[in-house]
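Tertiary structure, described
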Amino acid sequence: MSFQAYLDNIEAKTGLTPRQFIELAHERGFDETTKATPIVAWLKEDYGLGQGHAMALVHVITKGPKIPSKHVGTGGTHSDESDTLWLDGVATKPGG
C-alpha cells in the first residue's frame with residue numbers, strides 16, 4: 001500500500017482528512033517535536049487506527065507532506081506517484 005493510500009484509507013475509515021488530523025494534533029499540543037508514541041496512542045484510542053495507519057499520520061503531523069524520493073515511482077507495492085502527499089481529502093485530490 002502506498003503512503004497516499006494509507007492516508008486515503010484513514011479518511012475513508014474516520015471521515016477526517018489528513019489535514020484535519022494535523023489540526024487536531026496541534027490542538028492537543030502535538031507538533032514536529034513530538035515523539036511517535038503519544039501520537040500513535042491517541043490515534044489508536046480515539047480513532048481505532050492500527051500501527052501502520054497511525055504511523056502514516058505521525059509522519060504528516062511531524063514532518064509534513066513531503067516523503068523521501070526513494071518511495072516515488074518505483075512501481076513496487078509501496079510506491080507513490082509524487083514526493084508530496086495530498087492532505088486535503090480524496091474528493092479534492094487532483095486526478096483522483
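These notes cover the structure that comes with them. (Residues numbered from 1 in each chain as written. Predicted model: local features only at pLDDT ≥ 70, side-chain atom pairs only at ≥ 80, totals over all residues. Heavy atoms only, no water.)

**Structural notes on the overall build of the protein**
Within the protein, the regular secondary structure consists of four helices and zero strands. Scanning the protein from its N terminus toward the C terminus, one meets helices and strands in the order α-α-α-α. Counting over 96 residues, the protein shows a buried share of 36%. A sequence separation of at least 24 residues applies to 52% of the contacts in the protein between residues at least 6 apart. Carbon and sulfur atoms provide 53% of the accessible area of the protein, an area that totals close to 5500 Å². Each charge sign in the protein was given a centre, from 9 positive and 12 negative side chains, and these centres are 7 Å apart. (Helix = DSSP H or I, 4+ residues; strand = E, 2+ residues; numbered from the N terminus. Buried < 20%, exposed > 50% of the residue type's maximum accessible area, 1.4 Å probe, protein only. Contact = heavy atoms within 4.5 Å. Areas by Shrake-Rupley, 256 points an atom, 1.4 Å probe, with all protein chains shown as cover. Lys, Arg positive; Asp, Glu negative; His and termini not counted. Charge placed at Lys NZ, Arg CZ, Asp CG, Glu CD.)

**As for the nonpolar core**
Grouped together as the largest cluster of nonpolar side chains are 22 residues, with contacts concentrated most on Leu7, Trp42, Leu43, Leu57 and Ile61. Those elements that place two or more of their residues in this core are α1 (3–14), α2 (18–27), α3 (36–47) and α4 (51–63). Ranked by the residues each element gives to this core, the list is headed by α4, at six residues. (Core = buried A, V, L, I, M, F, W, Y, C linked by side-chain atoms within 4.5 Å.)

**Points about the packing of aromatic side chains**
Here the structure, examined in full by the defined rule, presents four aromatic pairs. Ring centres of phenylalanine 30 and tryptophan 42 lie 5.7 Å apart, and the angle between their planes is 55 degrees; on these two criteria the pair is classed as tilted. Placement of the pair is phenylalanine 30 in the loop between α2 and α3 and tryptophan 42 in helix α3, with a sequence separation of 12 residues. Residue classification places tryptophan 42 among the buried positions, given a relative accessible area of 5%. Here tryptophan 42 and tyrosine 47 contribute two aromatic rings whose centre-to-centre distance is 5.9 Å and whose plane-to-plane angle is 85 degrees, an arrangement assigned as edge-to-face. By way of ring pairs, the aromatic residues Phe21, Phe30, Trp42 and Tyr47 are connected into one cluster. (Phe/Tyr/Trp six-rings, centres within 6.5 Å; stacked < 30°, edge-to-face > 60°.)

**Focus on α4**
For α4, with 13 residues, the first-to-last C-alpha span of 17 Å sits near the 18 Å given by 1.5 Å per residue. Among the structural elements, α1, α2 and α3 are those in contact with the buried residues of α4. Trailing α4 by a residue or two, glycine 64 shows a phi angle of about 85 degrees, which is positive. (Expected span 1.5 Å × (residues − 1).)

On their own, these measurements won't tell you what the molecule is for.
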